[in-house]
Amino acid sequence: MKVLVIGSGGREHAICWKFSKSSKIEKVYCAPGNGGISQMAEIVNIAVSDFEGLSSFVKAKKIDFTFVGHEIPLSLGIVDYFACKGLKILGPSKDASKLEASKIYSKEFMRKYNIPTAEYRSFFNVNDALNFLENWQEFKKIVVKADGLAAGKGVYVCCGREEAKNVVKQMMKDKIVGDAGASVILEEYISGVEFSYLVFTDGISYSIMPVLQDHKRVYDNDKGPNTGGMGAYAPAYFARNEINKKVEDIVCKAIVGINSEKLDYKGVLYVGIIMNGDMPCVLEFNCRFGDPETQAILPLLNTDLLDICESILNRKLLDIEIKWKKGVSVCVVLASGGYPGSFKKGFEIKGLNNIVDPNTIVFHAGTKFVNGKFVTSGGRVLGITSVSDDIKNAITEVYSNVKLVQFENMHYRRDIAQRFLNEK
Ligand code: GLY
């Protein structure tokens, strides 16, 4: 079979890597891909939003199946478009993708299906939002969220009335996140530990992957601004039965909601959880694999990803037994100096050939392959994942491999998965 993966980050590299291990797949293509992906798949220079270009390419190359890694094409309706052309594709429909693409839709969905989440109000014009903030008596921390997709830049935790009003003005008037901020949510602030649950679903049944923990802040000990994610590990420390049971209840309610709303959902549902005391609450739904979570979870998957995709497409997910390695994986993201703010690109990445450990995989996120060398081309540059039987060994292994790689101004967190050791 021939497979096309859509996207260009570490997540898509991990998906291409996993597909390349399938004995049934003869060729993997990736659009638009990146430098690292070009070493294992044929990269295709077509934008993720160019549906006509992508579908013509799929027809011309007789590609059997397309997997969408990135949220933008999903939110623009690539699954509906490909389905109309009779092409096999895995991902939720445009309507179903609103669970990620519109925070307002997503919160209404949670409210309707009794899914625990923070209290909120939606606002469609700036004066209403400012009046609400002006008149709100019990002022505590509050979260301002852009309704639309904002590439990780649409959520602000504000410490006072004035800060919240400023953010609202910047989003709704000054359009700092473009149209994504035309409507906003003001949400109760919950301070709790966060976890990521990734769920395979064919829209009727589901299979929850081992729980992960991402590290969103840029510096050690969760300091500094939010990023797309500086590292992840799995299974996360609190994979305790009673919490998993509560999350499973949430996933069940989400699947009931998806059915009741007649949403066509085949793919991966990302359930971002924050603990409110003992109660897991949904921070967000995403309609695709997480990044960097995918770089930590796929190395633990023993089952062929293509078999899982086919059973999802045939709505027969229950018929497949999905097997996971017993071990632990830790992924550390190496980022460009300045990220998540502005950063320079084009620095040579040295030392990649020094990584020879069979339990360590290097996933490329923001790299290009130019004149036989890898150079940096994004904020998150590489994700290095080590798998071991034991968390301590996985941490030691991953950091000893991280030290073999260098590029100018490279930075990374030194405490990925440390919480597992502290909380155990
Ligand atoms: N790691 C967060 C996300 O994928 O949305």
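Per chain, residue numbering runs from 1 following the sequence as it is written. Only residues with pLDDT of 70 or above have their local features reported here, since the model is predicted, and side-chain atom pairs are shown and tallied only from 80 upward, although totals for entire chains, interfaces and linings are computed over all residues. Here the side-chain values reflect all heavy atoms present in the structure, with hydrogen atoms and water set aside.

## Some points on the overall build of the protein chain
For step 1, the next point in the chain: In terms of helices and strands, the protein chain carries 13 helices and 22 strands.
For step 2, the next point in the chain: Here the C-alpha atoms of the protein chain give a radius of gyration of 21 Å, agreeing with the 22 Å that 2.2 N^0.38 yields for 424 residues.
For step 3, the next point in the chain: By its C-alpha atoms, the protein chain is 60 × 45 × 45 Å across when sized along the principal axes.
For step 4, the next point in the chain: Buried means the residue's accessible area, taken with a 1.4 Å probe over protein chains only, is under 20% of the maximum for its type, while exposed means over 50%, and partly exposed covers the values in between. Taking all 424 residues of the protein chain together, the buried fraction comes to 57%.
For step 5, the next point in the chain: Contacts are assigned to residue pairs with any non-hydrogen atoms lying within 4.5 Å of each other. For the protein chain, long-range pairs separated by at least 24 residues make up 68% of all intrachain contacts whose partners lie at least 6 apart in sequence.
For step 6, the next point in the chain: Averaging the locations of the 54 positively and 49 negatively charged side chains of the protein chain gives two centres separated by 2 Å. In DSSP terms, a helix is any run of H or I states spanning at least four residues, a strand is any run of E spanning at least two, and both are numbered starting from the N terminus. Our radius of gyration looks at C-alpha atoms and nothing else; its globule reference is 2.2 Å times the residue count to the power 0.38. Charge assignment: positive for Lys and Arg, negative for Asp and Glu; neither His nor the chain ends contribute. By convention, the charge on Lys lies at NZ, on Arg at CZ, on Asp at CG and on Glu at CD.

## Details of the packing of helix 7 (residues 126–135) against helix 8 (residues 161–172)
For step 1, the next point in the chain: Where helix 7 meets helix 8, the axes come as close as 10 Å, and the angle between the chain directions of the two elements is 175°. One way to sum up the angle between helix 7 and helix 8 is to call them roughly antiparallel. Listed contacts from helix 8 to Val126, Ala129, Leu130, Leu133, Glu134 and Asn135 of helix 7 are Arg161, Ala164, Lys165, Val168, Lys169 and Met172.
For step 2, the next point in the chain: Under this grouping Gly is polar, as are all residues other than the nonpolar Ala, Val, Leu, Ile, Met, Phe, Trp, Tyr, Cys and Pro and the charged Asp, Glu, Lys and Arg. Among the residues making up the contact of helix 7 with helix 8, the classes are represented as seven nonpolar, one polar and four charged. With axes taken as lines fitted to C-alpha atoms, and helix axes fitted only over the stretch in contact, angles between N-to-C directions fall between 0 and 180 degrees. Our angle categories are set so that under 35 degrees counts as roughly parallel, over 145 as roughly antiparallel, 65 to 115 as roughly perpendicular, and the remainder as oblique.

## Overview of the sheet that holds strand 4 (residues 65–68)
For step 1, the next point in the chain: Here, a strand pair is defined by DSSP locating no fewer than two bridges between the strands. Reading across the sheet, the five strands line up as 3-2-1-4-5 and stay open at both edges, with parallel pairing between neighbours. Looking along the sheet, the strands with just one partner apiece sit at the ends: strand 3 (42–43) and strand 5 (89–90).
For step 2, the next point in the chain: Each of strand 1 (2–7), strand 2 (27–32) and strand 4 is contacted by helix 1 (residues 10–20), which is oriented at about 170° to strand 1, the strand it contacts most.
For step 3, the next point in the chain: Against the sheet, helix 2 (residues 51–60) contacts strand 1, strand 2 and strand 4, and its axis sits at roughly 165° relative to strand 1.

## Some details on unusual backbone geometry
For step 1, the next point in the chain: The omega torsion of the bond from Ala234 to Pro235 falls at -10°, within 30 degrees of zero and hence cis.
For step 2, the next point in the chain: Looking at where Pro235 falls in the secondary structure, it is placed in the loop between strand 15 (231–234) and helix 9 (241–260).
For step 3, the next point in the chain: In this model, Tyr339 is joined to Pro340 through a cis peptide bond whose omega is 15°.
For step 4, the next point in the chain: By the secondary structure assignment, Pro340 is in the loop between strand 18 (328–335) and strand 19 (360–364).
For step 5, the next point in the chain: Its identity as a non-glycine residue notwithstanding, Lys62 has a phi of 55°, on the positive side.

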